[in-house]
Amino acid sequence: MVMIKMDPLNIPEDALKEYTIKVDVHGFEFINQDNFSEIIIKKPGMLSKEYAVLEGESAIGKLKYDTVKMKTEIYDDSGDILLGTIEKPEPQNKIFNPFDPKGISKVREYLVEDPAGKVTMKTVSEKATHTIELIYNVVDESGVVARFEPPQKIFGRQEYHLHIYLQKLRPIMLAALFLSIRMGEMAFAAGNVRDAFYPF
């Protein structure tokens, strides 16, 4: 794997675009600033490991999530051509006591790789205020590209907020990053209570 140098973190003051990401039993929906549903992630069935990604009414790709390796494969709309993967390195899969007021000593990190295995982007995590959940900053060689903020509960569902700082993230990549982060947060919350306190 070829690593690229990505120096965090200067957060831009203003976002070029913002999304509210609504989470419910039907899937995930990216609502833009004009209150228009721009990107949708749908799971065809309960037992399926694939997710369809729509931009408006058009299919733009498919995502396959490995629940064991916590890895997301990104495919074109045919489902045949691999566009890239999002890896969650095992050493970054543990954090210290999230209730410690000193904050998080280890972060959860996701690596975005092209089909050749070159890392083109990664997430840099930080602890959000008054919550055990994390903020995920997406960085590449140019700096911070996007920022996923932790969910809020709105009328019985969860809503995330996404800031876009550079107009270079393809919609399929936004969807893949969100799916990886969301599934990782769910896996952490659902199990590994011991790992939260005894990471080694």
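Provided above is the structure to which this section pertains.
Structural notes, computed from the coordinates. The shown structure was predicted, so the numbers you read here are calculated from the model rather than taken from an experiment.

1. A word on the pattern of salt bridges
As a working rule, side chains carrying opposite charge can pair if their charged atoms are close by.
Logical step 1: This structure, assessed with the given rule, holds six salt bridges.
Logical step 2: For lysine 71, the salt bridge identified is with glutamate 87, shortest N-O distance 3.6 Å. Highlighted residues: lysine 71 in strand S6 (residues 71-75) and glutamate 87 in strand S7 (residues 82-87), separated in sequence by 16 residues.

2. Quick notes on the sheet that holds strand S10 (residues 134-140)
Logical step 1: Within the closed barrel, the twelve strands sit side by side as S1-S2-S3-S4-S5-S6-S7-S8-S9-S10-S11-S12. Their pairing is antiparallel. Here the strands of the sheet are splayed against their neighbours by 20° on average, with no regard to which way each runs.
Logical step 2: Pairing between strand S3 (residues 37-42) and strand S4 (residues 50-55): four bridges, direction antiparallel. The partner of isoleucine 41 across the bridge, within S4, is valine 53.

3. Let's talk about the environment of serine 125
Logical step 1: Tracing the sequence through the fold places serine 125 in strand S9 (residues 119-127).
Logical step 2: For serine 125, a relative accessible area of 9% puts it in the buried group.
Logical step 3: With 16 residues separating them in the primary sequence, serine 125 and glutamate 109 have C-alpha atoms 6.7 Å apart.

4. Considerations on the packing of aromatic side chains
Logical step 1: Evaluated as defined, the whole model comprises six aromatic pairs.
Logical step 2: Plain terms: the ring middles of tyrosine 160 and phenylalanine 178 are 4.9 Å apart, the flat faces sit at 85° to each other, and that makes the pair edge-to-face. Pair noted here: tyrosine 160 is in strand S12 (residues 157-164) and phenylalanine 178 is in helix H1 (residues 171-190), with a separation of 18 residues, a long-range link. Each of the two residues, tyrosine 160 as well as phenylalanine 178, counts as buried.
Logical step 3: Through a chain of ring-to-ring contacts, three or more aromatic side chains come together here, namely Tyr19, Phe28, Phe30, Phe148, Tyr160 and Phe178.
Logical step 4: Positioned over the ring face of tyrosine 75 is lysine 64, at 4.7 Å from the centre of the ring.

What counts and what doesn't
- Residues numbered from 1 in each chain as written.
- Predicted model: local features only at pLDDT ≥ 70, side-chain atom pairs only at ≥ 80, totals over all residues.
- Heavy atoms only, no water.
- Salt bridge = Lys/Arg side-chain N within 4 Å of Asp/Glu carboxyl O.
- Helix = DSSP H or I, 4+ residues; strand = E, 2+ residues; numbered from the N terminus.
- Pairing = 2+ DSSP bridges.
- Axes fitted to C-alpha atoms, helices over the stretch in contact; angles between N-to-C directions.
- Buried < 20%, exposed > 50% of the residue type's maximum accessible area, 1.4 Å probe, protein only.
- Phe/Tyr/Trp six-rings, centres within 6.5 Å; stacked < 30°, edge-to-face > 60°.
- Lys NZ or Arg CZ within 6 Å of the ring centre and 35° of its normal.

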